[in-house]
Amino acid sequence: MDWKSHATIGILLTLITFIYFFQVTNIIQLLPLVLFAGFSALLPDLDHKMSKGKEILDGVIIIFAIIIAFVNNSIILFFALIGLYFLFFTILKPKHRGVTHSILFTLVYAALIYFLISLNFAIAGFIGYLSHLIADRELKLF
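What you are looking at is a predicted structure, and each value in this text was computed from that prediction instead of being measured.

## Some words on the overall build of the chain
When you go through the chain residue by residue, the secondary structure sums to 6 helices and 0 strands. Along its sequence from the N terminus, the chain presents helices and strands in the succession α-α-α-α-α-α. In terms of overall dimensions, the chain is globule-like: its C-alpha atoms have a radius of gyration of 15 Å, near the 14 Å expected for 142 residues. If you line up the chain on its principal axes, its C-alpha atoms span 45 × 35 × 25 Å. Contacts in the chain between residues at least 24 apart in sequence constitute 68% of all its contacts with a sequence separation of at least 6. Summing over all exposed atoms, the chain offers an accessible surface of approximately 8800 Å²; the carbon and sulfur share of this is 74%. Counting 9 positive and 7 negative side-chain charges, the chain places the averaged centre of each group 4 Å from the other.

Okay, here's the thing in structure tokens:
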């Protein structure tokens, strides 16, 4: 399945979930959540060299590291975050459809988003990420 299909499925499932289960109908509240879900639906393929999600995340991680370093007034933190990110993808090189295609990784991702952003974004991220695994028919625990 291509990245556009994964993103679309994640967006639609999140839209349905927030409208039906949480009665959120305000487009200003829904738009960031569904866009985040669409991005999250691309993340399980970070371990693939042609991943659109990795291409986007490579740029986002630099911006994220700059913001975190600025807030904490630490250039060392900037290099530590960038270093850890690229270390994971260059030296550890997870195999395609390995750890990033697991329910455990989905839960860790949702928990991280919950602590960094909010519950609504954690739910949207969880739905988007899980939709990718379901679409790939790769539901494994680890």
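## With respect to the side chain of Ser51
Summarising the element assignment, Ser51 is placed in the loop between α2 (27-40) and α3 (52-72). By relative accessible area, which is 9% here, Ser51 ends up buried. A distance of 3.0 Å separates the side chain of Ser51 from the backbone oxygen of Asp45, its partner in a polar contact.

## Overview of α2
Helix length check: α2, at 14 residues, gives a terminal C-alpha distance of 19 Å against a target of 20 Å (1.5 Å per residue), a fit within 8%. In this structure, the buried side of α2 is in contact with α1 (3-20), α3, α5 (103-116) and α6 (119-136). Its side-chain oxygen 2.8 Å from the backbone nitrogen of Ile28, Asn26 forms the N-cap of α2.

## Notes on a nonpolar patch on the surface
A contiguous nonpolar patch, built from Ile56, Val60, Phe64, Leu112, Leu116 and Ile117 and spanning about 510 Å² of accessible area, is present on the exposed surface. Of all the secondary-structure elements, those providing two or more residues to the nonpolar patch are α3 and α5. Along the chain, Phe64 falls in helix α3. Looking at Phe64, the relative accessible area reads 33%, which means it is partly exposed.

## Structural notes on the pattern of salt bridges
In total, this model carries 1 salt bridge according to the counting rule given. The salt bridge involving Glu55 is made with Lys52; its shortest N-O contact spans 3.3 Å. Here Glu55 and its partner Lys52 are both found in helix α3, 3 residues apart, which amounts to about one turn of the helix. Using a relative accessible area of 52% as the deciding quantity, one classes Glu55 as exposed.

## Regarding the confidence of the model for the chain
Within the chain, residue pLDDT values average 88, and 98% of them lie at 70 or more. For the chain, the element scoring lowest by mean pLDDT is helix α4 (residues 75-92), at 82; α6 scores highest, at 96.

## Thoughts on the packing of aromatic side chains
In total, this model carries 9 aromatic pairs according to the counting rule given. When the ring of Tyr20 is compared with that of Phe21, the centres are 4.9 Å apart and the planes differ by 90 degrees; the resulting orientation is edge-to-face. In this structure, Tyr20 and Phe21 share a single accessibility class: exposed. Geometrically, the ring pair formed by Phe36 and Tyr109 is stacked, given 6.4 Å between the ring centres and 15 degrees between the ring planes. Note that Phe36 is positioned in helix α2 and Tyr109 in helix α5, a separation of 73 residues in sequence.

Basis of the calculations
- Residues numbered from 1 in each chain as written.
- Predicted model: local features only at pLDDT ≥ 70, side-chain atom pairs only at ≥ 80, totals over all residues.
- Heavy atoms only, no water.
- Helix = DSSP H or I, 4+ residues; strand = E, 2+ residues; numbered from the N terminus.
- Rg over C-alpha atoms; globule rule 2.2 N^0.38 Å.
- Contact = heavy atoms within 4.5 Å.
- Areas by Shrake-Rupley, 256 points an atom, 1.4 Å probe, with all protein chains shown as cover.
- Lys, Arg positive; Asp, Glu negative; His and termini not counted.
- Charge placed at Lys NZ, Arg CZ, Asp CG, Glu CD.
- Buried < 20%, exposed > 50% of the residue type's maximum accessible area, 1.4 Å probe, protein only.
- Polar contact = N/O pair within 3.5 Å; in protein donor to acceptor, adjacent residues only side chain to side chain.
- Expected span 1.5 Å × (residues − 1).
- Patch = residues over 30% accessible without salt bridge, like charges linked within 9 Å, V, L, I, M, F, W, Y side chains within 5 Å.
- Salt bridge = Lys/Arg side-chain N within 4 Å of Asp/Glu carboxyl O.
- pLDDT = per-residue confidence, 0-100.
- Phe/Tyr/Trp six-rings, centres within 6.5 Å; stacked < 30°, edge-to-face > 60°.

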